[in-house]
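# Structural features, examined
Listed here are the chains, written in short residue letters.
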Amino acid sequence: MPSFRFLCLILVPFDLVKKSEDQGCLDGSAIECVPLAQGVILGSWDRVPHRAPCMKPASPLPVSLPLSVSEEFNGKHDSLFFNDGQRRIDFVLVYEDESRKETNKKGSNEKQRRKRQAYESNLICGGLQLEATRSVLDDKLIFVKVHAPWEVLCTYAEIMHIKLPLKPNDLKTRSSAFGNFSWFTKVLQVDESIIKPEQEFFTAPFEKNRMNDFYIHDRDTFFNPATRSRIVYFILSRIQYQVRDNVKKFGINKLVSSGIYKAAFPLHDCNFSQRSEDPSCPSERYLLYREWAHPRSIYKKQPLDLIRKYYGEKIGIYFAWLGYYTQMLFLAAIVGVACFLYGYVNQNNCTWSKEVCHPDIGGKIIMCPQCDKICPFWKLNSTCESSKKLCIFDSFGTLVFAVFMGVWVTLFLEFWKRRQAELEYEWDTVELQQEEQPRPEYEAQCTHVVINEITQEEEHVPFTTWGKCIRVTLCASAVLFWILLIIASVIGIIVYRLSVLVVFSTKLSQTFNGTDPIQKYLTPQTATSITASVISFIIIMILNTIYEKVAIMITNFELPRTQTDYENSLTMKMFLFQFVNYYSSCFYIAFFKGKFVGYPGDPTYWLGKYRNEECEPGGCLLELTTQLTIIMGGKAIWNNIQEVLLPWIKNLIGRYHTASRTEKKSPRWEQDYHLQLMGKLGLFYEYLEMIIQFGFVTLFVASFPLAPLLALVNNILEIRVDAWKMTTQYRRMVPEKAQDIGAWQPIMQGIAILAVVTNAMIIAFTSDMIPRLVYYWSFSVPPYGNHTQYTMEGYINSTLSYFNVSDFKSRSRGIVMPNLLFKYRDFRNPPGHPQEYKHNIYYWHVITAKLAFIIVMEHVIYSVKFFISYAIPDVSKRTKSKIKREKYLTQKLLHENHLKDMTKTMGVIAERMGPVVTDNNLRPKSE
């Protein structure tokens, strides 16, 4: 057998260790034990923030002895146990053997080795058991398997307030609202013979002194693998490895980021494509792939309970929310498609579009140039195709759909709250906020002592009130700076639009003659809009990539207390940035472009140089639709490349390299090591992607009724793609608890409120619906019109105003035309009028109608939203009763068990005291 260097520390079986009065752990600067405060084992975590309960061997052990590395594993490539086949692997640490590194820097390698030895010594000191195995495929890699014995699991389950089973629960009976359609819903359900329903239990926070109250049939299965991994990760994140200049360094995350360890992860339970060879293994990964991630299961409901059991509540609640959102999109997509088809069928009956395309109407109307000097005069019927497309989106169905979506989003949010409350009850996260522990990074900085106002006791905090104000101010300033940077980029896109429009007007007119068919579709305005949208999308992705790192740095500096606080703070920063980043160009097109252009004789200029941009001849609504399509489609393609293609290619390359080295079967921990790391914020980006999509679906849906359909198709694929990459391409993530979707809930509520305003303003100011209604009801008949009955005939002429070429300013004057009068789109008095080029009476009627429409639509929808929110409680009556009933029975059970123990104890005491002699003659002394 070849010789090799010994690594790490000796493995100490847990049954040989005991609690010592001088508990302590090692650091990287000196091999010695540091005393801990008394009582730390019982969970006084706030007083000793980042120390683990330390357990030392009963007999003295030379701490400098290294842990031997086994060259071979036990030959079972699906094994989840140590080589003895008894102790379960709860976590795996991976590092590179310094003695076999190609670039051997003795100084740095020795420091890394000492830190790692100190860390692993403290892990053993904390009660964990380690076993090291050399890699089968790469002899430089060492895999350290971590096992948490029963005593350690019980100790930390109490510290972490983990809820564990007391007794089977027969209250949780789920009834379906579609009971009469069970024959149909059965097809959509997961086959219960394959994925068996989980047994429900009454639960309570674990306490070691009440261990007999808990439902412990088998110690090996009492803590499921997800809970075991969560406990071990809690320990790994808080174990210290170095103290230098009173600065404590600790935690596996820092060791991985500094390269001392290459990876740290819990194990998948089997291969995703086949069941485990171990008959006792439930092969949950295989079941998830078969019934959840496989394309043939795309029509089935998600096995949420198994997802929660395998990956934890945090990932489970994400997929529950995404699935519920997708279900609700079915209704929105159906109504959106109906509104689109209504517009498509009626586009040929669109009177104002017929006038634009008519050779005797639109063909004889010559329009003013849309830029200075270079741009030519153009005929109105050149926009015939655009006007036909606009009829599809700018119809009465758009108004109906905008009102519907305002109600739909409220129904979605209210019903999701009810569903979320049900999941909180079913997954035992109702009182999660009381259980959550501080982040180790927060605990390490707790150097200031303050008096708690409630308990009047001393507690440690990382900074004073003044220090917190400084941090918040600096963080807010950094976020504001990046938001201003995005606004500057939007201004740059606007300047690009203004400058390149002149170039396209010149080049395209020279390239195509007037009869070329392509000219009907590729106008200067269309070319400008498409190129600007593509450039805007590229800038969005670049700024997004940079800001992600900046936001994480800002949040780390802010130092939130718990992981939930950290994620909520990061969520708000990222969403504020993404909101401006993704939606700014859409807001510009919808509410600013073409609104402040002046008129041909007195145009408005940006920076005194660039003439303000006008809408396309077909209107800004069609351009907004184009912008939404490009950003939504481009974002979906980009995300799929990032989330699916890149991990798949990396894993493919990794498998190719490992297969070329050896044909040996690798063990489970080595197979998982070669998978991709999802990262701690991987789920955060999944939420962010969906919330940005939710904004597109709700904020600008009045301009694009097909947005819910595109979102529905995307989400159906997104669920299965996310499931596929989690089960096949990524290492298993550390299971985490979560009560709800966090800060994303108020963000969606804010978007829902803003969506009512944006859609009302899109209909009022971006579309032509209000001017058409005003013309139909007021200006088509006397006293303003000449028709005898209400009609849309003559609408196009009523929206155009006359302009005299001689009134051009010198900087605007270009090609001289023989005719003197041309038209432009606005409601102004003609030349020669006493108030020439001033807004006419039609304009003021339209403005009044637009403002009235916005006020009425907002108030009506907000009233309906308020009524729906009031009428639908956040927690159903049935769920409330279940929560109260379970709490009552749990307290009763614990109380009865406590009384039994007390009665038993009193009986033992009474037996020891012997018979009691009574004397009726004894009387108390009289006063």
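The structure displayed is predicted, hence computed values, not measured ones.

## Some words on helix α19 (residues 682–699)
Here α19 is 18 residues long and its end C-alpha atoms lie 26 Å apart, about the 26 Å a rise of 1.5 Å per residue gives. With 17 of 18 residues buried, α19 is to be regarded as a mostly interior element.

## Things to note about a nonpolar patch on the surface
A cluster of nonpolar side chains, namely Ile637, Ile641, Leu645, Leu646, Trp648, Ile649, Leu652 and Ile653, defines an oily patch on the protein surface of about 670 Å² accessible area. With respect to the helices, strands and loops of the structure, Ile653 is situated in helix α17 (residues 620–661). A relative accessible area of 44% places Ile653 in the partly exposed class.

## Focus on the packing of α19 against helix α20 (residues 707–729)
The interhelical angle for the contact between α19 and α20, taken along N-to-C directions, is 170°, at an axis separation of 10 Å. What the angle tells us is that α19 and α20 run roughly antiparallel. For the pair α19 and α20, the contacting residues are Leu683, Glu686, Glu689, Met690, Gln693 and Val697 in the first and Ala707, Pro708, Ala711, Asn714, Asn715, Glu718, Asp722, Lys725 and Met726 in the second. A breakdown of the residues in the contact of α19 with α20 according to their chemical character gives seven nonpolar, three polar and five charged.

## What about the state of the cysteines?
Considering all chains together, one arrives at one disulfide under this definition. In this model, Cys357 is linked to Cys384 through a disulfide, with the two sulfur atoms separated by 1.9 Å. The chirality of the disulfide connecting Cys357 with Cys384 is right-handed, given an S-S dihedral of about 100°. Of this pair, Cys357 sits in helix α10 (residues 351–357) while Cys384 is found in helix α11 (residues 384–393), placing the two residues 27 residues apart along the sequence. By relative accessible area, Cys357 is classed as partly exposed at 22%. Residue Cys384 is classed as buried on the basis of its relative accessible area of 14%.

## Some thoughts on the nonpolar core
Counting 144 residues, the largest nonpolar core has Tyr311, Trp321, Tyr325, Trp408, Phe412, Phe696 and Phe700 as the members making the most contacts within it. Element by element, the count of residues in this core is highest for helix α9 (residues 313–345), at 16 residues. Once you skip the residues sitting within four places of it in the chain, Phe412 turns out to touch Trp321, Tyr324, Tyr325, Met328, Phe694 and Met748. Within the second largest apolar cluster, 45 residues are counted, among which are Val146, Cys154, Ile252 and Leu893.

## A short note on the UniProt feature "transmembrane region" (unreviewed entry) in the protein
Per the UniProt record, "transmembrane region" (unreviewed entry) is annotated on residues 318–345, 396–416, 479–506, 526–547, 574–592, 691–717, 741–765 and 841–862. With 100% helix and 0% strand, residues 396–416 has its two end C-alpha atoms placed 30 Å apart. The span residues 841–862 is 100% helix and 0% strand, and its two end C-alpha atoms sit 32 Å from each other.

## Some details on helix α2 (residues 150–159)
For α2, the buried fraction is high: eight of the ten residues fall into the buried class. Buried residues along α2 sit against β9 (163–168), α4 (219–222) and α5 (225–236). Of the residues flanking the end of α2, it is His161, one or two places downstream, whose phi is positive at about 55°.

## Remarks on unusual backbone geometry
In this structure, the amide linkage connecting Pro782 to the following residue, Pro783, adopts the cis form with an omega of 10°. Structurally, the position occupied by Pro783 is in the loop between α22 (769–779) and α23 (795–798). Of note, the phi angle at His161 is positive, near 55°, even though the residue is not glycine. Here His161 shows up in the loop between α2 and β9.

Analysis parameters
- Residues numbered from 1 in each chain as written.
- Predicted model: local features only at pLDDT ≥ 70, side-chain atom pairs only at ≥ 80, totals over all residues.
- Heavy atoms only, no water.
- Helix = DSSP H or I, 4+ residues; strand = E, 2+ residues; numbered from the N terminus.
- Expected span 1.5 Å × (residues − 1).
- Buried < 20%, exposed > 50% of the residue type's maximum accessible area, 1.4 Å probe, protein only.
- Patch = residues over 30% accessible without salt bridge, like charges linked within 9 Å, V, L, I, M, F, W, Y side chains within 5 Å.
- Areas by Shrake-Rupley, 256 points an atom, 1.4 Å probe, with all protein chains shown as cover.
- Salt bridge = Lys/Arg side-chain N within 4 Å of Asp/Glu carboxyl O.
- Axes fitted to C-alpha atoms, helices over the stretch in contact; angles between N-to-C directions.
- Parallel < 35°, antiparallel > 145°, perpendicular 65-115°, else oblique.
- Contact = heavy atoms within 4.5 Å.
- Nonpolar A, V, L, I, M, F, W, Y, C, P; charged D, E, K, R; others polar.
- Disulfide = S-S within 2.5 Å.
- Core = buried A, V, L, I, M, F, W, Y, C linked by side-chain atoms within 4.5 Å.
- UniProt positions renumbered as here; feature names shortened; annotations may be inferred.

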